[in-house]
Amino acid sequence: MTRQHIVFLTGAGISAESGLSTFRGKDGLWTKEEFQYLASTDCLYEHTQKCLDFYNMRRKQLAEVEPNEAHRLIAELEKEHEVTIITQNVDNLHERAGSSHVIHIHGELTKVCSMNNRTTCVKEYPLTTPIMVGDKAEDGAQLRPYIVMFGEYVDSMNVAVDYVSNADIFVVIGTSLQVYPAAGFINYAHHLVPKFVIDPGEMEKCEQLGFTHFKTTATEGMKMLIEAFKEL
């Protein structure tokens with residue numbers, strides 16, 4: 001296969017193999033009503049430390065896991081192709097595996113920002129250092145996780161849509177496609193380009209749009225995908 005621009009849309013399913021919880025699947029975090037509240041702007045403003053502690057727990061968990069083979073196989077594709085990753089995940093496992101162009105549409109656990117404005121005073125923050133009430137951003141406001149919480153808008157949608165629209169190959173991995181606006185990305189891939197979805201669940205939306213479905217885990221699906229690339 002000649003050099004191509006491959007665009008991946010990844011979700012919690014790819015990081016599950018590293019030990020991080022999924023969200024919409026069976027026993028996922030968002031199936032528990034309390035967690036949905038803890039990850040909301042309502043909680044951030046009403047019970048700030050409670051919200052911070054929820055994210056401190058998730059940040060600590062991220063520090064304890066490693067990228068898996070699926071992350072690494074995607075990163076290795078950069079040796080021969082241009083690769084863009086649009087991820088719903090807030091972890092940094094793609095970057096730690098070696099991927100150089102990752103768009104985080106829901107934010108990043110490794111960063112903090114100002115409670116006055118999520119787009120200001122953004123900086124890296126050690127995963128093992130808890131964010132506490134009283135910790136200040138450079139503008140004097142309370143520090144908060146650099147995460148798109150329930151009740152907030154996704155800022156990077158237009159950029160991500162442009163990448164999907166111009167992809168030579170589009171691959172969806174480990175997302176149930178239940179969360180909008182990200183779930184709508186599959187509609188922007190050009191109808192003539194090769195499209196693949198890797199997920200053990202039913203993915204009727206993708207199949208109706210001409211995606212080849214590898215109904216398996218992220219790692220096994222990536223191995224199948226690399227084999228499929230040899231036929232393109």
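The structure displayed is predicted, hence computed values, not measured ones. (Residues numbered from 1 in each chain as written. Predicted model: local features only at pLDDT ≥ 70, side-chain atom pairs only at ≥ 80, totals over all residues. Heavy atoms only, no water.)

**Let's talk about the nonpolar core**
Among the nonpolar cores identified, the biggest contains 24 residues, and Ile86, Ile105, Phe170, Val172, Leu177 and Phe185 are the most heavily contacted of them. Counting only elements with at least two residues in this core, the list comes to strand E1 (5–10), helix H7 (157–165) and strand E7 (169–173). Apart from residues lying up to four places away in sequence, Val172 is in contact with Leu9, Leu177, Ile186, Phe196, Val197, Ile198 and Phe211. Core analysis: the next-biggest nonpolar cluster, separate from the first, contains 21 residues, Leu73, Ile169, Phe196 and Ile198 among them. (Core = buried A, V, L, I, M, F, W, Y, C linked by side-chain atoms within 4.5 Å. Buried < 20%, exposed > 50% of the residue type's maximum accessible area, 1.4 Å probe, protein only. Helix = DSSP H or I, 4+ residues; strand = E, 2+ residues; numbered from the N terminus. Contact = heavy atoms within 4.5 Å.)

**Description of the pattern of salt bridges**
For the structure shown, the criterion picks out 10 salt bridges. Of the charged contacts in the structure, one is a salt bridge between Arg118 and Asp155, with a shortest N-O distance of 2.3 Å. With Arg118 in the loop between strand E4 (107–114) and strand E5 (123–124) and Asp155 in the loop between strand E6 (143–147) and H7, this pair connects stretches of sequence that are 37 residues apart. Within the structure, one salt-bridge network assembled from shared partners comprises Arg118, Arg144, Glu152 and Asp155. (Salt bridge = Lys/Arg side-chain N within 4 Å of Asp/Glu carboxyl O.)

**Some thoughts on helix H4 (residues 48–63)**
Along its 16 residues, H4 runs 23 Å from first to last C-alpha, staying within 8% of the 22 Å computed at 1.5 Å per residue. Buried within H4 we find Thr48, Cys51, Leu52, Phe54, Tyr55, Asn56, Arg58, Arg59 and Leu62. (Expected span 1.5 Å × (residues − 1).)

**A word on the sheet that holds E4**
The strand order across the open sheet built from three strands is E5-E4-E6, with neighbouring strands paired in antiparallel fashion. Whereas interior strands pair on both sides, the edge strands pair on one side only; in this sheet they are E5 and E6. Bridge analysis of E4 against E5 gives two bridges, and the strand direction is antiparallel. Within E5, the position partnered with Lys111 by the bridge is Glu124. (Pairing = 2+ DSSP bridges.)

**Description of the environment of Asn187**
Tracing the sequence through the fold places Asn187 in the loop between E7 and strand E8 (195–198). Taking relative accessible area as the criterion, Asn187 reaches 53% and is therefore assigned exposed.

**Here's the deal with the packing of aromatic side chains**
Within this structure, the stated rule accounts for five aromatic pairs. Between Phe54 and Tyr55, the aromatic rings sit 5.1 Å apart at their centres with planes inclined by 75°, giving edge-to-face as the arrangement. When the centroid spacing of 5.9 Å and the interplanar angle of 25° are considered together, the rings of Phe196 and Phe214 count as stacked. Placement of Phe196 in strand E8 and of Phe214 in strand E9 (residues 212–214) is noted, with a sequence separation of 18 residues between them. (Phe/Tyr/Trp six-rings, centres within 6.5 Å; stacked < 30°, edge-to-face > 60°.)

**Brief notes about the environment of Leu62**
Position of Leu62 among the secondary structure elements: in helix H4. Judged by relative accessible area, Leu62 falls into the buried class, the value being 1%. In this structure the C-alpha to C-alpha distance between Leu62 and Arg118, which are 56 residues apart in sequence, comes to 21 Å.

**Considering the sheet that holds E1**
Taken together, the six strands give an open sheet; going across it, the order is E3-E2-E1-E7-E8-E9, and neighbouring strands pair in parallel fashion. Strand pairing shows two members of the sheet lacking a second neighbour, strand E3 (102–104) and E9, which therefore form its edges. Shown here is a sheet whose adjacent strand axes are inclined to one another by a mean of 15°, direction ignored. Across four bridges, E7 lies against E8 in parallel orientation. Across the sheet, residue Phe170 finds its bridge partner in E8, namely Lys195. The strands touched by H7 within the sheet are E1, strand E2 (82–87), E3 and E7, with E2 carrying the most contacts at an inclination of about 135°. (Axes fitted to C-alpha atoms, helices over the stretch in contact; angles between N-to-C directions.)

Function-wise, these values are silent; they only describe arrangement.
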